[in-house]
Structure formats: structure tokens, C-alpha cells
Amino acid sequence: MMEPAVRVKRNSRFLDKYFSGESMDYREIIALFIPILVDQAFIVGLNLVNTAMISSSGVAAISAVNMIDSLNIFLISIFVAVATGGTVVVAQYKGSGNQLMVSSATAGAVSSVSLIALAIGSLGILFHNPLLNLLFGAASPEVMDNARTYLIGSCVSYLGIAVVQAVCGALRGIGRTRASLMLSLIMNLAYVILNVVFINLLNMGVLGMTISINAARYIGALCALFYLFRMDSSLHIRLRDLLIVKVSMLKKIMFIGVPFAAEQVFFNGGKILTQIFIVGLGTYAIAANAIASTYAGLMQVPAGALSLTLITVVGQCMGRRNVADARKFVKSFVWLTSLSFVLMALLIMPLFHPILSLFHPPKEIVGEIFTIVLINAIAQIPLWAISFIMPSGLRAAGDSKYTSMVSMLSMWLFRVVLGYILGIVLHMGLLGFWLAMNCEWGIRGLIFLRRFLGEKWYQHRLI
């Protein structure tokens, strides 16, 4: 039997070989990763609890929330993309050692993301009826009534979550993932507690969830601003810094943010179009898709945390112009992500039925949900990392236009078109749409892998 000291030494050698370089070592990466992992686990876990709570209000309620959440993801992804641009710029300035520009980039990120979120939220409120009729007109009247309430309430909350996302993104860029974790936990725990009050105790259904999401997001925003102004002495950010947007800094943030935002618009637009097809399959299909998506989200917790961590890691490597370290870390993160999917599948699949019982699904859709979850769990292992981890590394190096163009084209040419063919034309239903998504991952991933093996991705000068 191997001695503990020998085992620790071998583990240390392994981590040094694959997760240490001149820019940072494995201890720094672990310190970045663990708070992000905890954050992602809480977000997904709390969303699971929230979905389970709203499911107690009936199939119409969970269907409405799932429909509008697909639209929420589409709209929120626009300003989250700009926040990611802020993360990359902050990380590269941190890597270069320019603390003054780190502060300037942080302030610029918060200002620009907040303005974009305010504009998107206002437009969503003004045009909520045309949006609902255009996208989900085939839904039943009861589902549409719930969807209208949830959409308006969600749009009101956008400014709150934008501030939290921008601040957390900047904090991750400089390596303060613990502070980012605390802000996220405050917002998400407040959301769950308020949902218990408004949904379970007061039986307010979708309206209760709408009140909860607004209160939680604005509590999170106030805490995020308080942290910037009062608790972080190194950034030296004041309120007036947020009110003045420097054009030069805005250009740097938008160089990453705009292509990524365009990618998210087209990518999530494709998801919404797919959702429209699914709405046409009926309320049971909408509910089955929502529950299967929750399982997928659970399995992607470590992978999502690794993706966010890699942006900071590669960003700081490129700030030092250390391409060798950036390339090494991308490779290591890809393999580690695939391994994480193996472990998560082994953990979650045996718990399929206990988790499913939280959603109170009709018996008719249980078999379909299991089939989708199983196939997706297997497909994620080889395909997800090259499709999502690799572009995170490329984007952090400044290669945002290429990654965004590939993602947009692959989404529409393969996931949407192939999904329609399999799901509607060939009558495979919901399973057809999920199979199309898995195929699209593989095609997109191979294109990113080819780009990564070349030299163009690291030749951009962002700072």
C-alpha cells in the first residue's frame, strides 16, 4: 500500500506538470477555481430547488417559467457577454501588472454593462406582448398569462443582475473569486428564501417568483456596489468613476464583448427558435425539456466553473505574453473537463429518480426524460470540452471574432436546421432536438480544435 506522503508527492508532481507554469502555479489555479465551483454549484442547485418549487404550482407554471427563461437567457446573455469582455481586459491588465488600468477597466465594465441591461430591460417591457405572441403564440392561454407576468418582472430585474455580473466578472479577472462567490451567494440564497415565502407559504405561484427574483437581484447589486466602494481598497473605485465612461476603455471591452454578444444573440436566438418548435409539441414536451435541462445543468457544474476559471488564467498569461503557458493550460483544462463529466454522470445517473421526484412530472414523460438525460450524459464526455472550454481560452487571448463567428454559424446550420429535421420532419420529437445539439457540439469543437493547433488565436494585442 502506498504511503500517504508518497501519494501526496506524486499528486503534487502531476499538478506541477499539467497545471503550473511561469505565469501561475496549480495552487493559484485551485484558489481561483474552488470559489467559482462552489458558486456554480449553488446557482445550479438553487435553480433546481426553485424549479421544483414552481412545479408545485402545476405544469402550466413550470412551462411558462421554462419558456421565459429561454428568452431571459437570450437577453441577459447580451450584457453578460460585455461583462466577459470586462473580465478579459481586467485579467490582461492584472497579468501586465498595471493596477491603475485594472481599476479603470473594472469601472468601465460596470458602467457599460449596466447601461446595456437598462436598455434591454426597457425594450422588453415595452414590447412584451409582441414578443410573447411571436415566440410562444402556440402556448395555451394559462401558460401565456403566467409567461406575461414572469417576462415583465424579469425585465425589471435586468439592471440588478447586470451590476452583479459586471462586478463579479471583474473580480474573477483579478483573481478575487472568493469575493465574487460571496456576492453570488447573497443574491441566490436571497432568491431561494424569498421563493419559499412567496411560492410555498403565500401560494403566489409565478407572481411570487417574479417578486423574489427582483428583490434578490437588487439586494445583490447593492452588496456588489458596497463592496466596490467600501470594502476593496486596492481598486479605488468611486461612484463618479461609474458615471463617466472612458471611450478608450470602452473600445477594449467591446472588442471582446461585442463579438461575444453577437454570438450569444445568434446562439441563444437559435435556442429560442428550437424552443418554439418544442412549444408546438405540447405542454408535456415543454415540461420534459425543462426537467432534462436541469439534469444537464447539474452535470455541467464543474465544467462551467473550469470554463470561467480558464478565462482568468489565459487572460493573465496573455497579459504577460506567455503563449506557452496559455496553450498548456487550455489543453489541461480540456482533459480535466471531460473527466469531470465522467464523474458527474457516475454521481447523478444513479440518483435520477430521487431528483426527478422533486419535479412531480406526469408519468407519461418520465421515460423520455431518462433517455434524453442518459444520451446527453454520454455525449458530454468527449464533446463539451472542445466545444466550450477551448473557445473560452481563445476568447481570453483576444480571438473573439473567430470564436463568435464559428459559434453562430454552427448553431444555425446544425443545431437549428438539424433539430427541425430530426424533431419535426422525422417525428423524433424532443429527443431529436437534443441529438442535434450533441452533433453541433462535435462539429463546433473540431473547428475550435483546429484553430487552437494553429498560431492566429494568440496574435491579437488587446492591451
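These lines cover the structure that appears in this document, whether it is placed above or below. (Residues numbered from 1 in each chain as written. Predicted model: local features only at pLDDT ≥ 70, side-chain atom pairs only at ≥ 80, totals over all residues. Heavy atoms only, no water.)

What follows is about the overall build of the chain. Each helix and strand counted, the chain has 17 helices and 0 strands in total. Computed over C-alpha atoms, the radius of gyration of the chain comes to 22 Å, within 12% of the 23 Å expected from 2.2 N^0.38 for 463 residues, which places it in the range of a compact globule. The 463 residues of the chain split such that 56% are buried. Sequence-distant contacts, at least 24 apart, represent 83% of the contacts inside the chain between residues at least 6 apart. Summed over its atoms, the accessible surface of the chain is roughly 19400 Å², and 69% of this surface lies on carbon and sulfur atoms. Counting 33 positive and 18 negative side-chain charges, the chain places the centres of these two groups 8 Å from one another. (Helix = DSSP H or I, 4+ residues; strand = E, 2+ residues; numbered from the N terminus. Rg over C-alpha atoms; globule rule 2.2 N^0.38 Å. Buried < 20%, exposed > 50% of the residue type's maximum accessible area, 1.4 Å probe, protein only. Contact = heavy atoms within 4.5 Å. Areas by Shrake-Rupley, 256 points an atom, 1.4 Å probe, with all protein chains shown as cover. Lys, Arg positive; Asp, Glu negative; His and termini not counted. Charge placed at Lys NZ, Arg CZ, Asp CG, Glu CD.)

Attention now moves to the packing of helix α6 (residues 141–173) against helix α8 (residues 205–231). One way to put it is that α6 packs onto α8 with a least axis distance of 8 Å and a crossing angle of 20°. When the axis of α6 is compared with that of α8, the two are roughly parallel. Where α6 crosses over α8, the two elements pack in a sense that is left-handed. When its residues are assigned to classes, the contact of α6 with α8 shows 19 nonpolar, 9 polar and 1 charged. (Axes fitted to C-alpha atoms, helices over the stretch in contact; angles between N-to-C directions. Parallel < 35°, antiparallel > 145°, perpendicular 65-115°, else oblique. Left-handed = near helix turned anticlockwise from the far one by under 90°. Nonpolar A, V, L, I, M, F, W, Y, C, P; charged D, E, K, R; others polar.)

What follows concerns helix α11 (residues 283–299). Each α-helix turn comprises 3.6 residues. Residues three or four places apart therefore point the same way. With 17 residues, α11 should cover 24 Å at 1.5 Å per step; its first-to-last C-alpha distance of 25 Å lies within 8% of that length. Burial of α11 is extensive: 13 of the 17 residues sit out of reach of the surface. (Expected span 1.5 Å × (residues − 1).)

Before going further, it helps to examine the nonpolar core. Counting 139 residues, the largest nonpolar core has F79, Y295 and I369 as the members making the most contacts within it. A total of 19 residues in this core trace back to one element, the largest contributor, which is helix α3 (residues 59–96). When near neighbours in sequence (up to four residues on either side) are disregarded, F79 contacts V113, I116, A117, I120, Y158, I161 and A162. (Core = buried A, V, L, I, M, F, W, Y, C linked by side-chain atoms within 4.5 Å.)

Inspection of the secondary structure puts L181 in helix α7 (residues 177–201). Among the residues examined, L181 registers a relative accessible area of 11% and is labelled buried. Sequence separation between L181 and V38 is 143 residues, and the spatial gap between their C-alpha atoms is 7.4 Å. Not counting the four nearest positions on each side in its chain, L181 is found in contact with P35, V38 and D39.

Interaxial distance between helix α13 (residues 323–348) and helix α15 (residues 366–396) falls to 8 Å at its minimum, and their mutual angle equals 150°. Classed by the angle they form, the pair α13 and α15 counts as roughly antiparallel. Relative to α15, α13 is oriented so that their crossing is right-handed. Along the contact surface, α13 presents V330, F333, V334, T337, S338, F341, V342 and A345, while α15 presents A377, Q380, I381, W384, A385, I386, I389, M390 and G393. Looking at the contact of α13 with α15 residue by residue, the class counts come to 13 nonpolar, 4 polar and no charged.

Moving on: the packing of aromatic side chains. Under the counting rule described, the total for this entry stands at 11 aromatic pairs. Ring centres of F277 and F433 lie 6.0 Å apart, and the angle between their planes is 25°; this geometry places the pair in the stacked category. You can see F277 sitting in helix α10 (residues 247–279) and its partner F433 sitting in helix α17 (residues 430–453), a full 156 residues away along the chain. Among the aromatic residues, ring-to-ring pairing joins F341, W384, F388 and W441 into one connected group. Above the plane of the ring of F452 lies R327, whose end atom (NZ or CZ) is 5.3 Å from the centre. When the ring centre of F388 is taken as reference, the NZ or CZ atom of R444 above it lies at 4.6 Å. (Phe/Tyr/Trp six-rings, centres within 6.5 Å; stacked < 30°, edge-to-face > 60°. Lys NZ or Arg CZ within 6 Å of the ring centre and 35° of its normal.)

The next thing to look at is a nonpolar patch on the surface. A contiguous nonpolar surface patch, about 600 Å² in accessible area, is contributed by F42, L189, I193, V196, V197, L201 and L202. Ranked by the residues each element gives to the nonpolar patch, the list is headed by α7, at 5 residues. Summarising the element assignment, V197 is placed in helix α7. (Patch = residues over 30% accessible without salt bridge, like charges linked within 9 Å, V, L, I, M, F, W, Y side chains within 5 Å. Salt bridge = Lys/Arg side-chain N within 4 Å of Asp/Glu carboxyl O.)

A separate point is the environment of M187. The residue M187 is located in helix α7 in this model. For M187 and W335, which are 148 residues apart along the polypeptide, the C-alpha to C-alpha distance reads 32 Å. When neighbours within four sequence positions are excluded, M187 is seen to be in contact with I161, V164, A216, R217 and G220.

We now examine unusual backbone geometry. With a phi angle near 60°, R321 is a residue other than glycine that sits in the positive phi range. Along the chain, the position of R321 falls in the loop between α12 (301–319) and α13. With relative accessibility at 32%, the residue R321 sits in the partly exposed group. Phi at H427 is positive, roughly 60°, even though this residue is not glycine.

On to the pattern of salt bridges, then. Using the criterion set out here, one finds 5 salt bridges in the structure. Here D399 ties to R451 by a salt bridge, and the two come within 2.9 Å at their closest N and O atoms. Separated by 52 residues along the polypeptide, D399 in the loop between α15 and α16 (400–425) and R451 in helix α17 bring together distant segments of the chain. One exposure class covers both D399 and R451, and it is buried. Bridged by salt links that share partners, the residues R415, E440 and R444 form one connected network.

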